[in-house]
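Chain and residue survey
What follows is each chain in one-letter form.
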Amino acid sequence: MDATVTPVSPGGPVAAELISGRRARMERTTSESDVHVEMDLDGSGAADISTGVPFYDHMLTALSRHSRIDLRVRATGDTHIDVHHTVEDVAITLGEVLRVALGDKRGIRRFGEASVPLDEALARAVVDVSGRPYLVHEGEPDGQQYHLIGGHFTGSLTRHVFEAITQHAAICLHMDVVRGRDPHHIVEAQFKAFARALRAAVEDDPRVDDVPSTKGAL
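Let me sum up the structure you'll find in this document. This is a predicted model, so every value here is computed, not measured.

Considering the sheet that holds strand 5 (residues 70–77)
If you trace the 5 strands from one edge of the open sheet to the other, you get 1-2-3-5-4, paired in mixed fashion. Of all strands in the sheet, those with a lone pairing partner are strand 1 (17–20) and strand 4 (47–50), marking the two edges. Strand after strand, the sheet turns through a mean of 10° between neighbouring axes, direction not considered. Sheet analysis places strand 4 next to strand 5, joined by 4 bridges and oriented parallel. Counted as the bridge partner of Asp48 is Arg72 from strand 5. Across the sheet, helix 1 (residues 54–67) is in contact with strand 4 and strand 5; its angle to strand 4 comes to roughly 160°. Set on the sheet, helix 2 (residues 84–101) makes contact with strand 1, strand 2 (23–29), strand 3 (33–40) and strand 5; between it and strand 3 the angle comes to about 35°.

A word on the pattern of salt bridges
All chains considered together, the criterion is met by 15 salt bridges. The salt bridge partner of Arg99 is Glu96, with a shortest N-O separation of 2.6 Å. Here Arg99 and its partner Glu96 are both found in helix 2, 3 residues apart, which amounts to about one turn of the helix. On the basis of relative accessibility, which here comes to 17%, the residue Glu96 falls in the buried class. Between Arg106 and Asp104 there is a salt bridge, with the nearest N and O atoms lying 3.5 Å from each other. Residue class for Arg106 comes out partly exposed when judged on its relative accessible area of 47%.

Rules used in this analysis
- Counting restarts for each chain: residues are numbered from 1 in the order of the written sequence.
- A pLDDT threshold of at least 70 governs which residues receive local features in this predicted model, and a stricter bar of 80 or more applies before side-chain atom pairs are shown or counted, although totals over entire chains, interfaces and linings include all residues.
- Hydrogens and water molecules were not included; the side-chain quantities draw on all heavy atoms of the structure.
- In this description, strands pair whenever DSSP reports at least two bridges between them.
- Helix numbering and strand numbering both begin at the N terminus, where a helix is a DSSP run of H or I of at least 4 residues and a strand a DSSP run of E of at least 2.
- Fitted lines through C-alpha atoms serve as axes, helices being fitted only where they are in contact, and the angles separating the N-to-C directions of these axes extend from 0 to 180 degrees.
- Residue contacts are counted whenever heavy atoms from the two residues lie within 4.5 Å of one another.
- We define a salt bridge as a contact between a side-chain nitrogen of Lys or Arg and a carboxyl oxygen of Asp or Glu at a distance within 4 Å.
- The cut-offs for exposure are 20% and 50% of the maximum accessible area for each residue type, with area from a 1.4 Å probe on protein chains only; residues under the lower value are buried, those over the upper are exposed, and the others partly exposed.

Here it is, written out as structure tokens:
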């Protein structure tokens, strides 16, 4: 991936732009965070992640590796107040870039499903690149939202990340935690399941050369 970062506009968020093929990028700057994301849907899973939130870096690296989507993320924010703004703003930007990288969605499989275990935890994700944002997120054990993972990342942020990605990428995601005990494992299984389902959904289908919808558009 090109390591060159386009200077951030001081005027605020700039719309995601297509670079070439299914590769896109975006700069998003607010009073709370400064985010740069570059994504290549036809990559090898190369990740270069720095958000200032170590556990989030770990999750986004796993997302890249298991989806085979090349991902470069640079973010700074008001983490001295709370990491919430930076985590959510990165997810918003990821969603916007994903939506643009997908283009007209011609020739993709559209649907993807994956179940991923991590020791005692098991998560199942189903993705529809539908053009209609929707999230169903169920099954986390009571209290998961209050756990502080890695000293910074609160369990409740997991849902926020998936909400922001689905809303801004205009995809449908059903995420079910089947079982789990360790908070770290519960979150990581979800990110890996999402990655695997997304990988399948955005892949080229050799039997399809149009938009996979009876409406003719997604």
